[in-house]
Structures are given as C-alpha cells and as structure tokens.
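A closer look at the structure
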Amino acid sequence: MTTDQILARLGLGDTASPLHDRIRARMNLHAVLPRLHELAILDDEARGVAAGLDLRLEMAVLGGPRMGLVFDQGRITASRDARGSLGLLFPSACALNRMFDGEKVVPIPHGSLWKLTQMKGFEKLTTILTRYLKPAATDLADPAFRARHVELSLLVGLSACDAIFALDPKVERVRGALHDATIQYDVGDAVSAFVTIEQGVITAHRGRVANPTAGIRIRDVDLAVDLIAGKVDTFAAVGVCDLKLYGMLPVVDEFNALFDRVGLYLN
Amino acid sequence: MSLYSFKKSEAMFQRAAKVIPCGIGGHVSPAVTVPGSFPYYATHGKGCRYWDLDGNEFLDFMCAYGPVVLGYDHPRVNEAAAKQRALGSVFNHPTPLAVELAEKLVSIVPIADWASFARNGSDVTYYALQVARQYTQKTKIIMARGAYHGTHPWSIHSMAGIIPSDYEHILQFTWNNADELRDLCKKHEGDIAGVILTPYHHPAFGDQVLPAPGFYDEVMRLRDQYDFVLISDDVRAGWRLNMGGSCEHFGFKPDLICYCKAIANGYVLSAIVGNDRVKQAASSVFFTGSFFQAAVEMAAALATIDELEKTNAIAHMWKMGELLQNGLRERAEKHGLQVSVTGPPTIPNMTFKNETNFLRMQRFSGEAAKRGVFFHPHHNWFISAAHQPADIEQALGVADECFAIVRQEFGS
C-alpha cells in the first residue's frame, strides 16, 4: 500500500478528497494565490501591505499540490518550486478549499514559526484579492477597479485551466489534442494577458506576446465585466465583433473547452 | 473602389442571436471566417455569384461549401425539381425517382452495386459505420487524425455534449502513414470493423494533402488481410474529381462511398453506394428519416449528374481551378510572398507558407471579401462549372490587391 493510500484511508492527504475538491485546491494554490503578485502591482493598498512583509511562505496539501510565495520589499513572487521558511500544511484538499472559502481552518504550521506574526499581513492581502475576484456592485462602479477586476479574474481563469487539463476527466479528448500554443487576450487598451500551452503545462502571464498562435480581443472593460459575470452571449458577441477572434481558431476552441469549465470549480 | 459594408447582415445577426443559438451556428458561423469582413446572410445567387443582404455581389469560390457544382440557380436542375415539386415530394412511399437515381449511380460508379439515400453527409457516414459493423460483426473504426466526417459525436472535434463512450471505439492514425495504420490493425486485430477515409486529406486550417504513392495500395492490402470495410467519405470531393467517385481518380476500390454536397447542385440530398459484399449488411441496418425519400431532391440529382456528364463539367472545372491556382502562385510571388496552393484544382486551397497562425490568410481573405471575392480563410475552396476564365481573371485581380496589402502589413 502506498503512502497516499494509507493517508486516504485515514481521510488525510490529497487523494482523500473528491476529485472536484482536488481540482479546486490546485486552482486555489496555482491560479488564485499567485495573483498576489499582480495585486501588489495593481493595488496601492496591497502594495503597502506587501512592503511590510518579509516572508517565504509555503502552502501545501498533504501529499498534494503546493505553492511558494516570497514577499520581499513589497514584491511578491509565486512559484511552485519556491520553498518557504514558514509552511502551512493542510490535511486535505477540502480543508484548503474551506480556507479559501473564508471558513476558519487551522493548518499545521511548520518551519519558522516566529514568522506567523506576519500572517495578518498575508490575510489582509487575500482579503483585498477576494474583493477583486468577487466584487461588490459598488466597487464595480469605479472604472479603475473594474479594469483590475478584469485583469485579475482573467489571469485566475487562464491559470486555472492547468488544473482542469491535468485532472478533469471531462476533458480527456482535449488532453489528447491540445497543441502547444500561445493565446493573446486583450481587453480594449486596458488589459492584456496571454496564456502559453507547452507540452500540457498551461501558464498565464500579464502583457502581450509576439506573434501569438491565436487571440481574442474583447471590445472594452465593460464587456469583459459582463463576460466574467456570465451575462454575455459570446457567440452573438463574436458576430457583432465585440469579441474578435483571430489566428489559429481551433486552438481557441480547444482551450475554451478547458476555460469554460473553470466556473464549475471557482464560481 | 469602395469597399463593401455589411450593416444589414450585422443587424439581421443581432435579431438572429435573440432567437437562434449562436445566431448562426456550425460551419457557416461568422466566427469561422473574419467577422466584420464577411457577409452573414445571402439573398440569391446566379452562376458563380451570389448577393448578400446588403446587396453586395460576390464572386464565389466556396459554392455553398461545395454543393453548388453547376452554379447557383441552374435552369435545368431547377426545372427538373420544379416538375417533380408540382407532383409532390414526400409520400407514404418512395417515388420511382429513387430507383432511377440508384440505377444511375450504379451505372456510373464502378464499385457500386446498390445505393441508398438520406439528407446530410453525417447521415450516410454514420450509416457506413453501422454497415461496416454489421458486416464484420466487429467494433472499431479507424479514421485519419484531423479528418472531418460530419457532426455526429463519434467524429466531431468539438467537446460540447460529447461523452467518451461516443468515441471510445474510434481509432486514429496520421494521414498517409500506412505503417501507423498497419500497427493499429495489428494491435486491434479481430476487432476492426472499418476504415473511413476522405479520398485525400482536406482538413480545415491546414494544407490539403494528396494520398502518397502506394498509400491506398497498402490500405487495400490491409483491408484484405484484416477483413474490414473500406469506406470512402466522398462528401466533400465527390463530383469534382471523377464521375465514378474520387476513388477512381486516386485508384482505389472502397466497399462504400458516401456522397452529399454536390450530388444535387444544392438540393438537399446525400447518398451512399456500396458493393455486393456489404449489401446484405446494408439491408439489415434500419436506415431512414422523414425526408430520406423526398423526390424533388432526387429529380434535381438526376438532372445534376446528367448535366455534369453531358458538359464534361469536371474537365472544365479542372481547367478553371488550374488557372486560379497558377494565377495565385504567380501573383503572390510578384509581391514577394510565399503561398502554399494545395489540393486538386477543382477543390483548391491556399495558405501562406511558414505561418501557423493564419493572420496573413485572414487578412487576405477578409480584404478579398470586402472587394467582392469570397475566398475562405481556413477551409478549402470549390470551383463550379459556372466559373469562366473572365471570372478567374477578376478574382486574380482582387487577389493581387490583397497580396499587396498583406505584403505591406506583414512583410514577406
């Protein structure tokens, strides 16, 4: 019997949770958490909080996915390879997800426990991030907030496709067909992001890439806000050129088969 | 010249989007061309031209994605259809036209001993799989990766609404790779019901690839060795390469041939023909639909096939296609651009070399559409018998302008 199987029997470890939760946990760690990097660039308050942190934090599910965050002089970097001096270990994917849902969960801390005092700053950052990802109507009235909401949500959605591709059984057909590619996303002149697909690893980035395989131009931030809220008929939007597709369109189709499923996990 | 605009098309699309999923779905969706540069709605056609809702005239190189092989509004085909329409089309029974059309197909298609009829290409490609499975009492079907055999779940590339069991018995190999096909046959020996192939490889978003020398010889040898049913999906290429089926053009003998598109010059009909080997199996499969025996379409098909034969239309289309293909190469070269013009002249295609994202092609075809010439950016084109040298010359003149735009925008 493997260690994972022993842990699962005890109700512990990554594989003890239902697949849906395991996919969500990967999204939370690999798609949501890394957005703190962009948050510290885009949001003044977040940048101020980050400036007060000196921390190498590692969050992990027992026997499962992990993510390292480095807070250094106001800059936040995220990497699956980065090791933390302070670790927070969650006994299961479900436990990790509960924390991201705002429930009180006590992970197992390890390493430089004296750094736990800095967790308040970390929590403050996640609260700000949540404000952008689950915005109130009053916040969305601010054009600058809307643009940041679009950028952060887009990066979360694009990054989350990696977990879908890796684990979601519904995309088996795409798994066999997804080509290496870069797809550019532009929202008016306000937001640009792109996703790279390389040998089944999907990563999202801010900005523009030269000579993308395909791309989508969204008319403006207002339309993007409605798209994120699920209020837009995307096919109709393509027909009236509110959404412009270009390049190798089958790549967009393949990727959208993943992208369309993100909402099933992250709401 | 003033460029076309598509305001009425776009307004109609907005109406459509409220009451029709996607507004316009499938292969004619705006999304698969270049929205903003192409029309969305047609009103009427004549010969090799049609008009859109905004009144723009198009010199057409898609022929309704293949069906219009003699030209739009062909008088002889329309007359035959009208004559039958006056008598009625759908009854409790087939009309004698079904027998006449089956006899006609059997007489001109060398491998055919029988024929059946349906409405769409997908009807007959799926029926072909059923016949193969019934005949062999086996399960697996082999197809070429990237090939298109219709919208049924076993072969469609889309994922929406598809579950793994829909395609669990479908195996894929790389077109022209006989070794890979042989390996699949060997690996699944005793369970290969059929191999379905388009006569040549004509994927969307790619160059067309003709069969490699010896490829079909090996396919037929494997058919004999592993006793599967060989299916030629001639839905797209049928009636533009050889009146006896595209298999005659490429020199192979399938057990079944699927037809649709050009068989009735735009009237709604598909057909499957087969040899005696699989006739009993074909009888066993329950194959029907509300309109499979509609007589108007059969009258149109008989007139279409007769006209194609009498006018030696394929030879004419071949010449027109060669004029177009050669002209495109020459004009591209004049502008210092490298293009890949592929496929048989009657079903040509063009892409820009060393480009995987189609940006040049999208620009080229979008500019051509705004100047009244319909070249699809991602799908092979079609020549009709209505195209004449002057039409090709007009198209090449527009292509010349569009190559200049591409060169200016993208460089060589």
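Okay, so let's go over this structure.

1. Digging into the side chain of Lys138(B)
Residues and elements named next belong to chain B. Note on placement: Lys138 falls in the loop between α4 (121-136) and β5 (140-144). Buried and unpaired, Lys138 has no salt bridge, with Asp227 as the nearest side chain of opposite charge at 4.5 Å. A polar side-chain atom of Lys138 sits 3.4 Å from the main-chain carbonyl oxygen of Asp227. If near-sequence neighbours (up to four positions away) are discounted, Lys138 is found in contact with Arg133, Gly190, Asp191, Ile192, Ala193, Tyr226 and Asp227.

2. Remarks on the packing of aromatic side chains
Evaluated as defined, the whole model comprises 27 aromatic pairs over all chains. Every member of this aromatic cluster is reached through a ring pair, and the members are Tyr4(B), Phe6(B), Phe38(B), Tyr50(B), Phe58(B), Tyr72(B) and Phe374(B). The cationic tip of Arg173(A) hangs over the ring face of Tyr167(B); the distance from NZ or CZ to the ring centre is 4.0 Å. The ring of Tyr246(A) has Arg217(A) sitting right over it, with the charged end atom 4.3 Å from the ring centre.

3. Structural notes on the pairing of strand β7 (residues 192-197) of chain B
All names here are of chain B. Across the six residues of β7, six count as buried, placing the element largely inside the fold. Relative to β7, β5 runs parallel, the two sharing four bridges. Along β7, the bridge assignment pairs Ile141 with Gly194. With helix α7 (residues 215-226) bridging β7 and its parallel neighbour strand β8 (residues 229-233), the resulting β-α-β unit is right-handed.

4. So, the environment of His202(B)
Residues and elements named next belong to chain B. Structurally, His202 can be placed in the loop between β7 and α7. The class of His202 is buried, set by a relative accessible area of 5%. Separated by 56 residues in sequence, His202 and Gly146 place their C-alpha atoms 8.8 Å apart. Ignoring anything within four residues of it in the chain, the contact list for His202 reads Gln208, Arg236 and Asn380.

Here is what the cut-offs are and how they apply
- Residues numbered from 1 in each chain as written.
- Chains lettered and ligands numbered in written order.
- Predicted model: local features only at pLDDT ≥ 70, side-chain atom pairs only at ≥ 80, totals over all residues.
- Heavy atoms only, no water.
- Helix = DSSP H or I, 4+ residues; strand = E, 2+ residues; numbered from the N terminus.
- Buried < 20%, exposed > 50% of the residue type's maximum accessible area, 1.4 Å probe, protein only.
- Lys, Arg positive; Asp, Glu negative; His and termini not counted.
- Salt bridge = Lys/Arg side-chain N within 4 Å of Asp/Glu carboxyl O.
- Polar contact = N/O pair within 3.5 Å; in protein donor to acceptor, adjacent residues only side chain to side chain.
- Contact = heavy atoms within 4.5 Å.
- Phe/Tyr/Trp six-rings, centres within 6.5 Å; stacked < 30°, edge-to-face > 60°.
- Lys NZ or Arg CZ within 6 Å of the ring centre and 35° of its normal.
- Pairing = 2+ DSSP bridges.
- Right-handed = clockwise from strand over helix to strand, strands pointing away.

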